[in-house]
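Here is how the chains run, residue by residue.
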Amino acid sequence: MSELSESEKRRILRERRQKKFAQGGATSRLNKITGQAESHLSTESPLDTPKQKITSPVLETVGAPREASIPTTNKDANADPQVELLKKLADMQNQDQSTPDLFSLLGSLKEGMNDNSTGATPVQPVNLVDQEMLAYHDYLVNRLKAFTILIKWLVLLPYIYFLTKSAYSSAPISFFTTPSNFFMIFTSFEIIATSIYYQKLQSIEKANKVNTMHQNSKIVKLVSLIPEGIVPIPDLTGKVVLALQYWDVLSMFITDICFVIIAMGLCSYFV
Amino acid sequence: MDLTVEPNLHSLIKSTTHKWIFVGGKGGVGKTTSSCSIAIQMALAQPSKQFLLISTDPAHNLSDAFGEKFGKDARKVTGMDNLSCMEIDPSAALKDMNDMAVSRSNEQGGADDGLGNLLQGGALSELTGAIPGIDEALSFMEVMKHIKKQENGEAESFDTVIFDTAPTGHTLRFLQLPNTLSQLLEKFSELSGKLGPMLNMMGAGNVDIASKLNELKANVETIKQQFTDPDLTTFVCVCISEFLSLYETERLIQELISYDMDVNSIIVNQLLFAEYDQEHNCKRCQARWKMQKKYLDQIDELYEDFHLVKMPLCAGEIRGLNNLKKFSQFLDKEYDPTADGKLIYELEDKE
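Per an unreviewed UniProt entry, the recorded name for chain B is ArsA/GET3 Anion-transporting ATPase-like domain-containing protein, and the organism is Naumovozyma castellii. Listed under Subunit (unreviewed entry) in UniProt, the entry text for chain B is "Homodimer. Component of the Golgi to ER traffic (GET) complex, which is composed of GET1, GET2 and GET3. Within the complex, GET1 and GET2 form a heterotetramer which is stabilized by phosphatidylinositol binding and which binds to the GET3 homodimer. Interacts with the chloride channel protein GEF1."

If you check an unreviewed UniProt entry, chain A appears there as Golgi to ER traffic protein 2 from Naumovozyma castellii. On record in UniProt, under Subunit (unreviewed entry), the comment for chain A is "Component of the Golgi to ER traffic (GET) complex, which is composed of GET1, GET2 and GET3. Within the complex, GET1 and GET2 form a heterotetramer which is stabilized by phosphatidylinositol binding and which binds to the GET3 homodimer." Under the heading Sequence similarities (unreviewed entry), UniProt records this for chain A: "Belongs to the GET2 family."

Here it is as structure tokens:
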């Protein structure tokens, strides 16, 4: 039998050593060491732990709401966004999280830049809020809106009926059924109903810790991507949010007006 | 097939292929003594070759071990023609490099070459906390550059470099850096492609970080190729026969294997061999030896495929070239407590 060469011997020994550390062998070795001494030291082996990987970007992140992990280190005025981006990626890799969606990453980058800008109102950061939570919040807001509209119409419909029928112009309710008072009554009703709606909306936002406009509105997200200075309007995002809020109120008002018109027509024609 | 593994470092000492030898382990186990011993034995066994022993531990010990002062520049050990020593603090060297690059960029407003570009504006300090191993990689490259400078200065190259590493154990963490950087750069280029010119609009930085990281990745891969070649590089673990040291040694070996680094030798220091020493024996030594034997049995079982070198606890400190020569011979030919027992008392003579 021919003798093995030195290099062959070394190779065989190396393979034997590797075999002993593979497939859970590393952890069991540590267990053996700590077991004999009744120690509480960790027996997790770097050989048996799956390596962390940066996964491809996903548009929806699933899981428990993440805490704001955006570091708020001091950034000087010339902070390189490439460095920041790499830092964030490296941070995410270390924390064993999948790469968040593009909006969130850019949002966190933008947050760093806002620290440096002078005179500008800091934009609320796009938090890495669980998408499921956002969807649930969306559902609650839409449900509130639907209920508000339904209740308003249920109140408006009899009012319009009484308004269109002059037979109901008796003293107790004449003030309400006088056509000249319609706009005042209708506007007052809208104001009260809208105030109640917004109070309910705020309590939902507080409970879910979600800002409907900032986190659910695609328009706001797109606008927040535009860096300061590109468009000659200071605090563009804030202005867009305000405009969208006004539009929200206006759209409900217009919806009710349309309903009133249709209801009046139907009441006049059929009843 | 029964392959007996010699309980000594004879094959390593006589090796003509190894270029890089790392000696490491937790604090207080005798790393420096072991690294000095390996260097001396190799130098004695191969007189035609040049050896460099370099300490990267910020708390340098080489000067104390040899009893003469060494510094950042390689200097031959007194009494040895082919062994030089050097003490370098990689993190301090890296900090100097960073400071210089920052001040240069502030003065000139432009980028330096190579690594200086990466350091411009202190960008490196932003990244080092985030990417594991990058700090060690840059420190190591500084060390390599320094060695190259020494070779150019001395007009002779070193055939083998022995590293006396710091006890933190993170010296070689940068070996996983190429994988980390590959993934990061892939993600970065994907996002850069999607964002397009928006990234350029966002900031005034003119440092192309991605290309510099690619350069770093290429450099680290070159080093990694050498360090993962078992014929070129090996890691010698040093430990003592106690629970915590055994545990730390096992973790160190597993970490090294995860970096694809060859580790086939373990030196177990400070062994009492009390049962062989009838003349100088006490209850305490017997009790400690009993404890050591318990862990030694476990070490024998766990590391049966490793070169397991058992070194005695000497009566005095192993300082000075002569004492180191006497002690280091047991790396080449294993210590026999009955035959060599007297030697550990001869070492207590101070030089």
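Caption draft 1: Representation of a negative patch on the surface in the model. Where like charges cluster on the molecular surface, the negative patch consists of A:E6, B:E6, B:E334 and B:D336. Its relative accessible area of 32% is what places B:E334 among the partly exposed residues.

Caption draft 2: Inspection of the side chain of B:Q254 at higher detail. With respect to the secondary-structure elements, B:Q254 resides in helix α11 (residues 243-258). Within the structure, the side chain of B:Q254 is placed 2.9 Å from the backbone oxygen of A:A26, a separation counted as a polar contact.

Caption draft 3: Main features of helix α2 (residues 31-45) of chain B. Residue and element names in this part refer to chain B. Between its terminal C-alpha atoms α2 stretches 21 Å, which fits the 21 Å expected from 15 residues at 1.5 Å a residue. In terms of burial, α2 is a largely internal element, 12 of the 15 residues being buried. Here α2 has its buried residues at K31, T32, S34, S35, C36, S37, I38, A39, I40, Q41, M42 and A43.

Caption draft 4: Structural detail: the environment of B:Q50. All names here are of chain B. The residue Q50 is located in the loop between α2 and β2 (51-55) in this model. Given a relative accessible area of 13%, Q50 falls into the buried group. Distance in space between the C-alpha atoms of Q50 and L83 is 6.2 Å, their sequence separation being 33 residues.

Caption draft 5: Region of the structure containing the UniProt feature "transmembrane region" (unreviewed entry) in chain A. All names here are of chain A. When the UniProt feature table is mapped onto this chain, "transmembrane region" (unreviewed entry) is found at residues 144-162, 182-198, 219-237 and 249-270. Taken end to end, residues 144-162 is 100% helix and 0% strand, and its two terminal C-alpha atoms sit 28 Å from one another. From the first C-alpha to the last, residues 182-198 spans 24 Å; its make-up is 100% helix and 0% strand.

Caption draft 6: Broad picture of the packing of aromatic side chains. Applying the stated criterion across every chain, the model contains 18 aromatic pairs over all chains. Pairing A:F186 with A:F253 gives two aromatic rings, centres 5.6 Å apart and planes at 45°, and the pair type is tilted. With a gap of 67 residues between them, A:F186 in helix α7 (residues 182-208) and A:F253 in helix α10 (residues 236-270) connect regions that are remote in the sequence. Take A:F186: its relative accessible area is 1%, and that puts it in the buried class. Seen from their ring centres, B:Y303 and B:F306 are 5.2 Å apart, and the 85° between their planes marks the pair as edge-to-face. Accessibility classification places B:Y303 together with B:F306 in one group, the buried group. Within the aromatic cluster, the residues linked to one another by ring pairs are B:W20, B:F22, B:F163, B:F227 and B:F235. We note A:R17 situated over the ring of B:F306; from NZ or CZ to the ring centre the distance is 5.4 Å.

Parameters and conventions
- Residues numbered from 1 in each chain as written.
- Chains lettered and ligands numbered in written order.
- Predicted model: local features only at pLDDT ≥ 70, side-chain atom pairs only at ≥ 80, totals over all residues.
- Heavy atoms only, no water.
- UniProt positions renumbered as here; feature names shortened; annotations may be inferred.
- Patch = residues over 30% accessible without salt bridge, like charges linked within 9 Å, V, L, I, M, F, W, Y side chains within 5 Å.
- Areas by Shrake-Rupley, 256 points an atom, 1.4 Å probe, with all protein chains shown as cover.
- Salt bridge = Lys/Arg side-chain N within 4 Å of Asp/Glu carboxyl O.
- Lys, Arg positive; Asp, Glu negative; His and termini not counted.
- Charge placed at Lys NZ, Arg CZ, Asp CG, Glu CD.
- Buried < 20%, exposed > 50% of the residue type's maximum accessible area, 1.4 Å probe, protein only.
- Helix = DSSP H or I, 4+ residues; strand = E, 2+ residues; numbered from the N terminus.
- Polar contact = N/O pair within 3.5 Å; in protein donor to acceptor, adjacent residues only side chain to side chain.
- Expected span 1.5 Å × (residues − 1).
- Phe/Tyr/Trp six-rings, centres within 6.5 Å; stacked < 30°, edge-to-face > 60°.
- Lys NZ or Arg CZ within 6 Å of the ring centre and 35° of its normal.

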